[in-house]
Amino acid sequence: MSTVTIHGHEVHDHSHATPTGWRRWLLSTNHKDIGTLYMIFALLMLFTGGLMAMLVRAELFMPGIQFLQPDLYNNMVTNHALIMVFGAVMPAAAGMANWMIPLMIGAPDMALPRLNNLSFWMLAAGGLLLICSIVVPFLPGGGTPVNTGWTLYPPLSLQVGMSMDLLIFTIHILGISSILASINIIVTLFNTRAPGMTLMKMPIFCWAWMVTAFLLILIMPALASGVTMLLFDRHFGTSFFNAAGGGDPVLFQHLFWFFGHPEVYVLLLPSMGIVAHIVPTFSRKPLFGYTSTVGAMISIGAIGMLVWAHHQYTIGMSLAAVTYFMIGTILISIPVGLMILNFIATMWRGAMSFETPMLFAIAIILLFTFAGMTGVMLAVIPGDIQYHDSYFVVAHFHYALIPGALFGLYAGVFFWLPKWTGHMYDEKLGKIFFWLTMIGFNLTFFPQHFLGLAGMPRRIVDYNLVFTEFNAISSIGAFIFGLSQILLPIIIIKTIRGGRKAGDKVWEAAEGLEWTLPSPPPFHTFSDPPVIK
Amino acid sequence: MRDPQPGERRGGRGALWLALVPATMFAVGFAIAPLYSLICDVFGLQRAAAAVPGAPVAVATPQNRLVTVRFDTNVPNDLPWDFVADIRRLEVRVGTLQEMKFRVRNRSDQSIVGRAIPTIVPWQAERHFIKTDCFCFRDQPIGPGESREMIVRFQVAPALPDDIGALTLSYTFLRHDAATSAAPALNLSSKE
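Everything numeric here is computed off the predicted structure, so don't read it as measured data. (Residues numbered from 1 in each chain as written. Chains lettered and ligands numbered in written order. Predicted model: local features only at pLDDT ≥ 70, side-chain atom pairs only at ≥ 80, totals over all residues. Heavy atoms only, no water.)

S.K.: A description of the sheet that holds strand β5 (residues 112-121) of chain B should follow, citing residues and the corresponding values.
M.R.: Residues and elements named next belong to chain B. Within the open sheet, the five strands sit side by side as β3-β1-β9-β5-β7. Their pairing is mixed. Edge positions in the sheet fall to β3 (89-93) and β7 (140-142), since each of these pairs with one other strand and no more. The sheet shows a mean angle of 30° between the axes of neighbouring strands, direction not considered. The sheet contact formed by strand β1 (residues 66-74) and strand β9 (residues 166-175) spans seven bridges and is parallel. From the neighbouring strand, Val 69 faces β9, where its bridge partner is Leu 167. (Pairing = 2+ DSSP bridges. Helix = DSSP H or I, 4+ residues; strand = E, 2+ residues; numbered from the N terminus. Axes fitted to C-alpha atoms, helices over the stretch in contact; angles between N-to-C directions.)

Okay, here's the thing in structure tokens:
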């Protein structure tokens, strides 16, 4: 029976002794501590992946090869993607799920706390393996770096050195980690809701994570089976992807994109869940169309599972197949549009105020809608065959994923940081961070649309002289974007160390169980379930 | 609604049931290629690998239609052979018999047996490309430093779909020594 003191709140832990020091973190089964670990990991990875992006943009500042050899350049492109997707966005979203879901549904913790600990530390192990895969080619006898792009297409991925094997194991470990985390979230959402909270009364962030978690347990194994076959082809003489042995490299593309396309929604949906909390709070109105937003999220997940081959229009599928994938893809714009319109209708005639989270939410609505437009352009077969593998695609998915996923997480950080730390963040710094981020981001990626339409191919270290100006603009934008991100950890650390005290209900119009708790919440919350009317 | 304390115990069972989902999806990943073939066969769909064995091809009177046939040769790293086509492309009249020569040289100081695997691109042309004789029908043993000419005789059937104006015949030579031929050899000749 121990007593812990956290930020002045005295809490009696009556179930088990709470470890202190490093044991508190390594052996943690507390959803808040694990959530914090997830987010620290994500922040470290965000800056690792960001550094790689800076290297790529520095190389592309001028035509010609300045300081990255082609193999290393392609390795940076590959690992930038893998680190951002698996290291930064997914763990940050999982961290917020860990922190907020039990608070939102009035549960004492996640349903399976030890599994929760396992999923985080497997993620950390996977991160370490990924770093090994990057470092190994620099050692003597280390072979070539992974230079395939994050899609890992054979036959190129069959020819890469041992760093590819390390990457395959990384994907296995990360896959298991996120499957375990997803199972935990689903079980938590079904079994530990407070009495009276029906599924359709659940906060929308929980619904977003419900869809995300189901997507994850359905798609991660497809990628795992694909990379396992890759491993067999590389070392055990099989020919899954080797045409000369009766296999087909296109099989890998199908397995990869069966994972890869829904993965986009895995990155997107938690952030949209966050936006769906922020917009009502700062418009001082309940969310317009709760039921239809839940329906839209489920439809996005369901249709998103069935349209993967729109990434592969150029492989020579039959006309019937590509037509199906085109129509399916365009159909997704209906639920996505519904969700966006619900957000806009929530703001309509609301008493709006523009704190940093709200600024990010509005930027997401604008910029993500723009990505949706270029997305429809890319879904159309004759168009896509023109734009395929060009910088237009790069511009499109950065407009989709940076606002759609990353900015949503930033908005969440600013929205919930006072709840997590008990202090208000510096609003002025937050606004400076927002505007610098917006300028940097748009300056980086908007010109890439033009580059792509003019025919600049992606994943190539050098480019034609005619593309010089737009690339220089894009690189300058990227440096502004990259440097301004340093403000984020500064703001977070400043908020942790002090600042104006935050009340229980941090924001004037915030709704939900999490705002009935003190800020920061005590180590154990809702040991006795609250009752929902 | 539900009480969270017993809920935790039920959570363990629910998690086990949910774990079946990824396990199934992992297995489906491996089963997807055979399942695809099965579904195509059941519903009679056209598919890429559908080389129709012994499909009767009407050899009509020669027509004036010309088709470009390109030749492509590949040798994997573990086979020390040079393998080149005499010419890279040929304009052929559909329905006429053609002969094409390839040259193979064994650079090593050992005798090696190889076997050539043919592929036709686009796949829709495969059933209309008829090989009457081919070096790929047999294992090809080549002595140390020996150089040999390889012959394929073929015709493009007039039934070739009109939208195909060019096709590629690609060969990959694979090592087929005693060590690698413990498994029964691919009997490609019966297919043609």
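S.K.: Hey, could you go over the packing of aromatic side chains for me, with residue numbers and the actual values?
M.R.: Residue and element names in this part refer to chain A. If you walk through the whole model with that rule in mind, you get 58 aromatic pairs over all chains. With 4.8 Å between their ring centres and 40° between their planes, Tyr 387 and Phe 392 make a pair best called tilted. The residues Tyr 387 and Phe 392 share a single accessibility class, namely buried. Ring centres 5.7 Å apart and planes at 45° place the aromatic pair Phe 415 and Trp 416 in the tilted group. A residue is classified by how much of its surface remains accessible, and Phe 415, at 1% relative accessible area, is buried. (Phe/Tyr/Trp six-rings, centres within 6.5 Å; stacked < 30°, edge-to-face > 60°. Buried < 20%, exposed > 50% of the residue type's maximum accessible area, 1.4 Å probe, protein only.)

S.K.: So what about the confidence of the model for chain B? Which residues, and what values?
M.R.: Reading predicted coordinates in detail is not appropriate for stretches of low pLDDT. Residue and element names in this part refer to chain B. Mean pLDDT for chain B: 79, with 77% of residues reaching 70 or above. Element-level pLDDT for chain B is lowest in helix α1 (residues 4-43), with a mean of 80, against a maximum mean of 92 in strand β2 (residues 81-85). Confidence over residues 1-8 falls short of pLDDT 50; this stretch has 14 contacts with residues more than four positions distant or in other chains. Model confidence for the complex: the whole-complex pTM is 0.81, and ipTM, which rates the interface, is 0.78. (pLDDT = per-residue confidence, 0-100. Contact = heavy atoms within 4.5 Å.)

S.K.: Can you break down the state of the cysteines residue by residue, with the values?
M.R.: Residue and element names in this part refer to chain B. Applying the stated rule across the entire model yields one disulfide over all chains. Here Cys 134 is linked by a disulfide to Cys 136, with a sulfur-sulfur distance of 2.2 Å. Between Cys 134 and Cys 136 the sulfur-sulfur dihedral comes to about 130°; the bridge is accordingly right-handed. An identical accessibility class is assigned to Cys 134 and Cys 136; each is buried. (Disulfide = S-S within 2.5 Å.)

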